[in-house]
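Structural overview for review
Chain by chain, the residues run as shown.
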Amino acid sequence: MLTDDFIRQLCSLSGELYEGIYLEGRRQGWLEEEDYLNSSKDITRKNVARILHLYLLKRRGMKDIGDIAEAYKLRDLFDCRVCANHVAQVYLRGIMPAKNLSKEGEFLWFDLDGKDSIEDNIEYIKRALN
């Protein structure tokens, strides 16, 4: 799914107007310049997490979960220090799942630079909005 398609779906499902969303989203603090610059590129899981977390924080007034220690089980959580809190917030809220790389479930990772299907990304938006 392209970044622009993700933002269009978020607008559609949340009732936001798409026209002018890049400027308005940046003004409100839930979109970044990279979203516009990368609008025609596939969106990564870390950027989905960032956009959804900041949207909930800035547009919906949802407070952050204070203790994110439960998210430390994600082996790649701090591979991106800038996005660690975004990832933790959407993971702990059940918006985006971890990926399990072992049969016993002891090796969980978020796959920060991975890309999910269109259907999965739409499901993440719906979970965030509900």
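The sections below set out a description of the structure shown in this document. (Residues numbered from 1 in each chain as written. Predicted model: local features only at pLDDT ≥ 70, side-chain atom pairs only at ≥ 80, totals over all residues. Heavy atoms only, no water.)

1. Quick word on the overall build of the protein
This is how it is decided: Each helix corresponds to a stretch of at least 4 residues labelled H or I by DSSP, and each strand to a stretch of at least 2 residues labelled E; elements are numbered beginning at the N terminus. The reference for a compact globule is 2.2 Å times residues^0.38; the radius of gyration itself is calculated from the C-alpha atoms. Only protein chains enter the accessibility calculation, which uses a 1.4 Å probe; a residue whose area is less than 20% of its type maximum is buried, one above 50% is exposed, and one in between is partly exposed. We call two residues in contact when some of their heavy atoms are within 4.5 Å. Only the protein chains shown count as cover for residues, and all accessible areas are computed by the Shrake-Rupley method using a 1.4 Å probe. By the counting scheme adopted, Arg and Lys are positive, Glu and Asp are negative, and His together with the chain ends is not counted. We put the charge of a Lys on NZ, of an Arg on CZ, of an Asp on CG and of a Glu on CD.
Secondary structure assignment for the protein yields six helices and two strands. The linear arrangement of helices and strands in the protein, starting from the amino end, is α-α-α-α-α-β-β-α. The C-alpha radius of gyration computed for the protein amounts to 14 Å, which stays within 12% of the reference 14 Å derived for 130 residues, consistent with globular compactness. The buried share of the protein, taken over its 130 residues, is 45%. Contacts spanning at least 24 positions in sequence make up 65% of the contacts within the protein whose residues lie at least 6 apart. Of the roughly 7,200 Å² of accessible surface on the protein, a fraction of 48% belongs to carbon and sulfur atoms. Charged side chains of the protein number 20 positive and 23 negative; the gap between the two group centres comes to 3 Å.

2. Quick notes on the state of the cysteines
Selection rule: Cysteine sulfurs are considered disulfide-paired once they come within 2.5 Å of each other.
For the structure on display, the rule yields one disulfide. Each sulfur of the disulfide joining Cys80 and Cys83 lies 2.1 Å from the other. The buried category is assigned to Cys83, whose relative accessible area is 5%.

3. Section: the side chain of Gln28
With respect to the helices and strands, Gln28 occurs in helix 2 (residues 21-28). Not counting chain neighbours up to four residues away, the residues in contact with Gln28 comprise Lys58 and Arg59.

4. Observations concerning the packing of aromatic side chains
Our working rule: Note on aromatic pairs: the rings of Phe, Tyr and Trp (six-membered ring only in Trp) are paired at centre separations within 6.5 Å, and the planes decide the class, stacked below 30 degrees, edge-to-face beyond 60, tilted for the rest.
Taken as a whole, this structure holds four aromatic pairs when the rule is applied. Both rings, one in Tyr18 and one in Tyr22, keep their centres 6.4 Å apart while their planes meet at 80°; by these two values the pair is edge-to-face. On the accessibility criterion, Tyr22 (13% relative accessible area) is buried. Arranged with centres 5.5 Å apart and planes meeting at 70°, the rings of Tyr22 and Tyr36 form a pair that is edge-to-face. Taken together, the positions of Tyr22 in helix 2 and Tyr36 in helix 3 (residues 33-37) put the pair 14 residues apart, joining distant regions of the chain. Take Tyr36: its relative accessible area is 52%, and that puts it in the exposed class.

5. Side note on the pattern of salt bridges
What counts is decided by this rule: Salt bridges are defined by distance alone: a side-chain nitrogen of Lys or Arg within 4 Å of a carboxyl oxygen of Asp or Glu.
Using the criterion set out here, one finds 11 salt bridges in the structure. Here Arg50 and Glu32 are joined by a salt bridge, their closest N and O atoms 3.8 Å apart. Taken together, the residues span a long stretch of sequence, with Arg50 in helix 4 (residues 45-58) and Glu32 in the loop between helix 2 and helix 3 at a distance of 18 residues. Under the relative-accessibility criterion, Arg50 is labelled buried at 4%. For Glu32, a relative accessible area of 31% translates into the label partly exposed. Taking the shortest distance from any N to any O, the salt bridge between Asp116 and Arg45 comes out at 2.6 Å. Of this pair, Asp116 sits in the loop between strand 2 (108-109) and helix 6 (118-129) while Arg45 sits in helix 4, placing them 71 residues apart in sequence. Under the relative-accessibility criterion, Arg45 is labelled buried at 1%.

6. Digging into the packing of helix 4 against helix 5 (residues 84-92)
What counts here: Note on method: axes are straight lines fitted to C-alpha atoms, helices fitted across the in-contact stretch only, with angles between N-to-C directions ranging 0 to 180 degrees. Oblique is the label for every angle not falling under 35 degrees (roughly parallel), over 145 degrees (roughly antiparallel), or within 65 to 115 degrees (roughly perpendicular). Nonpolar residues are Ala, Val, Leu, Ile, Met, Phe, Trp, Tyr, Cys and Pro. Charged residues are Asp, Glu, Lys and Arg, and all others, Gly as well, are polar.
Relative to each other, helix 4 and helix 5 sit at 75°, their axes nearing to 8 Å. The orientation of helix 4 relative to helix 5 falls into the category roughly perpendicular. Listed contacts from helix 5 to Ala49, Arg50, Leu52, His53 and Leu54 of helix 4 are Asn85, His86, Val87, Gln89 and Val90. The residue inventory of the contact of helix 4 with helix 5, partitioned by class, reads five nonpolar, four polar and one charged.

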